[in-house]
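Listed below are the residues making up each chain.
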Amino acid sequence: MSPTDREHLPGGTLSNKSRTTAELAAKPLVIEVSGKIPDGAVFVGSSKCLGCHTGYTDVRKTLHKLGITVVGKPGKLQDFSRFPGFNAGLDKLAAGTKLYLYGFDKGRGFDRYLISDKPPADAATVSFTATFFKDADGMLKFRTENAKDATDPPRTYPVEMTYGGGLFPQLSPAA
């Protein structure tokens, strides 16, 4: 689609012509960028783009496309064939894995707890547990239990999406 006014620039494959060093050195390259989005613009998604840009169909097999996944329902543009063990950690969780979060240290930054699928030697250091399981409705869920306060009731949450797991597994198999 070409713009109909001077505020917008043409886009698509014709706008990204590569240039040699000699071409760039011969005269200054002027680049204009427009930040105005046309009123009728809509998000069409990658599948629409791949209809014309067939040279990019392997994008389905990249970890970038697999990074965020709906549990049990990969999208049409998600191909796990290059990473057959991608869901190994998730499969282990769904089998009823209980994780122990212990050794809280606010100086650790983001990962303030140590996490293990086995109880630590000193049970008093456990702050809470998270047990993953497939519920009767077939959904993956996890239940948290406060190990420091028995009066705090357990809480159960659905796991609707996952992030990561292809290159750096979120949960390694027990040794």
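Conventions used here
- Residues numbered from 1 in each chain as written.
- Predicted model: local features only at pLDDT ≥ 70, side-chain atom pairs only at ≥ 80, totals over all residues.
- Heavy atoms only, no water.
- Helix = DSSP H or I, 4+ residues; strand = E, 2+ residues; numbered from the N terminus.
- Buried < 20%, exposed > 50% of the residue type's maximum accessible area, 1.4 Å probe, protein only.
- Contact = heavy atoms within 4.5 Å.
- Areas by Shrake-Rupley, 256 points an atom, 1.4 Å probe, with all protein chains shown as cover.
- Patch = residues over 30% accessible without salt bridge, like charges linked within 9 Å, V, L, I, M, F, W, Y side chains within 5 Å.
- Salt bridge = Lys/Arg side-chain N within 4 Å of Asp/Glu carboxyl O.
- Core = buried A, V, L, I, M, F, W, Y, C linked by side-chain atoms within 4.5 Å.
- Pairing = 2+ DSSP bridges.
- Axes fitted to C-alpha atoms, helices over the stretch in contact; angles between N-to-C directions.
- Phe/Tyr/Trp six-rings, centres within 6.5 Å; stacked < 30°, edge-to-face > 60°.
- pLDDT = per-residue confidence, 0-100.

(A) Structural context of the overall build of the chain. Regarding its fold elements, the chain presents four helices and seven strands. Taken across its 175 residues, the chain has 20% of its residues classed as buried. By sequence separation, contacts in the chain at least 24 residues apart represent 38% of the contacts at least 6 residues apart. Split by element, the accessible area of the chain, about 13,400 Å² in all, is 58% carbon and sulfur.

(B) How the structure looks around a nonpolar patch on the surface. Among the surface-exposed residues, Ile 68, Val 70, Met 161 and Tyr 163 lie close enough to one another that they form a single nonpolar patch of about 440 Å² accessible area. Looking at the nonpolar patch, the elements that each hand over two or more residues are β1 (68-70) and β7 (161-163). Take Ile 68: it is sitting in strand β1.

(C) Region of the structure containing the environment of Phe 83. Along the polypeptide, Phe 83 turns up in the loop between β1 and α4 (88-94). On a C-alpha basis, the gap between Phe 83 and Thr 62 in space is 9.2 Å, while along the polypeptide they are 21 residues apart.

(D) Spotlight on the pattern of salt bridges. Applying the stated criterion across every chain yields a total of five salt bridges. Between Asp 117 and Lys 92 there is a salt bridge; the shortest N-O distance is 2.8 Å. Of this pair, Asp 117 sits in the loop between β3 (114-116) and β4 (126-134) while Lys 92 sits in helix α4; the two residues are 25 residues apart in sequence, bridging distant segments of the chain. For Lys 141, the salt bridge identified is with Asp 135, shortest N-O distance 2.8 Å. Lys 141 sits in the buried class, given a relative accessible area of 14%.

(E) Structural context of the nonpolar core. Grouped together as the largest cluster of nonpolar side chains are eight residues: Leu 90, Leu 93, Leu 99, Leu 101, Ala 130, Phe 132, Leu 140 and Val 159. Elements represented by at least two residues in this core include exactly α4, β2 (98-102) and β4. Excluding its chain neighbours within four sequence positions, the residues that come into contact with Leu 101 are Tyr 113, Leu 114, Ile 115, Thr 125, Val 126, Ser 127, Phe 128 and Ala 130.

(F) Examining the sheet that holds β2 more closely. Strand order in the open sheet formed by five strands is β3-β2-β4-β5-β6, and the pairing between neighbours is antiparallel. The sheet terminates laterally at β3 and β6 (155-158), the two strands that pair on one side only. This sheet shows a mean twist of 20 degrees between the axes of neighbouring strands, independent of strand direction. As paired elements, β2 and β3 share three bridges and run antiparallel to each other. Paired with Tyr 100 across the bridge in β3 is Ser 116.

(G) Spotlight on the pairing of β2. Most of β2 is tucked away: four of the five residues are buried. Two strands pair when backbone bridges link them, and β2 and β4 are joined in this way by five bridges, in the antiparallel orientation. Following the sheet pairing, Tyr 102 is matched in β4 by Val 126.

(H) Local environment of the packing of aromatic side chains. A complete count under the given rule lists five aromatic pairs for this structure. Following the ring pairs from residue to residue traces out a cluster consisting of Phe 104, Tyr 113 and Phe 128.

(I) Geometry of the confidence of the model for the chain. Residues of the chain with pLDDT of at least 70 account for 78%, and the chain-wide mean is 79. Ranking the elements of the chain by mean pLDDT puts helix α3 (residues 63-66) last with 74 and β2 first with 95. Every residue in residues 170-175 is under pLDDT 50, and counting partners more than four places away or in other chains gives 13 contacts.

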